[in-house]
Amino acid sequence: MARVQLIIPDEDRTRFVYQAHREGMSLSAWLRAAARDRLERQSQTARFESHTQLEAFFDECDGLEAPGTEPDWGQHLAVMNEARRRGAANT
């Protein structure tokens, strides 16, 4: 069995240990179970079987009501370029 060392914030460790003990598990067992659960959820992701299914998915997405309007990308790019010009490249 392999040994893995994790570096996590103290507050996360405290929360993880508390939850593990609530579930009657050690921290190590709880972390392994959480990782297995995540892998299981990822493997259950539906995949498109055909180009037709993919097109149907995008047609359905197009029919959904968007929460707002699309941004004015020209204006957005102008703001970014102005920030870069002024030397604010990390914003």
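These figures come from a predicted structure and were not determined experimentally.

Novice: Before we go on, may I ask you to explain the overall build of the chain in this structure?
Specialist: Along the chain, the regular secondary structure elements total four helices and zero strands. Beginning at the N terminus, the succession of helices and strands in the chain can be written as α-α-α-α. Compactness check: the chain gives a C-alpha radius of gyration of 23 Å against a globular reference of 12 Å for 91 residues, more than 25% above the reference. Projected onto its principal axes, the C-alpha coordinates of the chain cover approximately 55 × 45 × 25 Å. Only carbon and sulfur atoms are counted for the fraction: they give 52% of the accessible area of the chain, which is about 8,900 Å².

Novice: Can you help me understand the pattern of salt bridges in this one?
Specialist: Any two side chains of opposite charge can pair, so long as their charged atoms come close to each other. The full count for this structure, using the stated rule, is three salt bridges. Close ionic contact of D12 with R15 constitutes a salt bridge, the shortest N to O distance being 3.5 Å. Here D12 and its partner R15 are both found in helix 1 (residues 10-22), three residues apart, which amounts to about one turn of the helix. For E82, the salt bridge is made with R85, and the minimal N-O distance between the two is 2.4 Å. Of the two residues, E82 and R85 both sit in helix 4 (residues 73-85), three residues apart, roughly one turn of that helix. The network of salt bridges with common partners includes E82, R85 and R86.

Novice: Help me out: how do you make sense of the packing of aromatic side chains in this one?
Specialist: For any pair of aromatic rings, the description consists of the separation of the ring centres together with the inter-plane angle of the planes. Under the criterion given, the structure shown has three aromatic pairs. Aromatic pair F57 and F58: ring centres 5.2 Å apart, planes at 70°, arrangement edge-to-face. Among the aromatic residues, those joined into a ring-pair cluster are F48, F57 and F58.

Novice: Is there a simple way to explain helix 1 in this structure?
Specialist: A turn of α-helix holds 3.6 residues, and therefore any two residues three or four places apart point the same way. Here helix 1 contains 13 residues, and its C-alpha end-to-end distance of 18 Å stays within 8% of the 18 Å for a straight helix at 1.5 Å per residue. Downstream of helix 1 by a residue or two, G24 has a phi angle that is positive, lying close to 70°.

Novice: Sorry, what's going on with a nonpolar patch on the surface here?
Specialist: There is a patch of nonpolar side chains on the surface, built from F48, F57 and F58 and spanning about 300 Å² of accessible area. Secondary-structure assignment places F48 in the loop between helix 2 (27-43) and helix 3 (51-63).

Cut-offs applied
- Residues numbered from 1 in each chain as written.
- Predicted model: local features only at pLDDT ≥ 70, side-chain atom pairs only at ≥ 80, totals over all residues.
- Heavy atoms only, no water.
- Helix = DSSP H or I, 4+ residues; strand = E, 2+ residues; numbered from the N terminus.
- Rg over C-alpha atoms; globule rule 2.2 N^0.38 Å.
- Areas by Shrake-Rupley, 256 points an atom, 1.4 Å probe, with all protein chains shown as cover.
- Salt bridge = Lys/Arg side-chain N within 4 Å of Asp/Glu carboxyl O.
- Phe/Tyr/Trp six-rings, centres within 6.5 Å; stacked < 30°, edge-to-face > 60°.
- Expected span 1.5 Å × (residues − 1).
- Patch = residues over 30% accessible without salt bridge, like charges linked within 9 Å, V, L, I, M, F, W, Y side chains within 5 Å.

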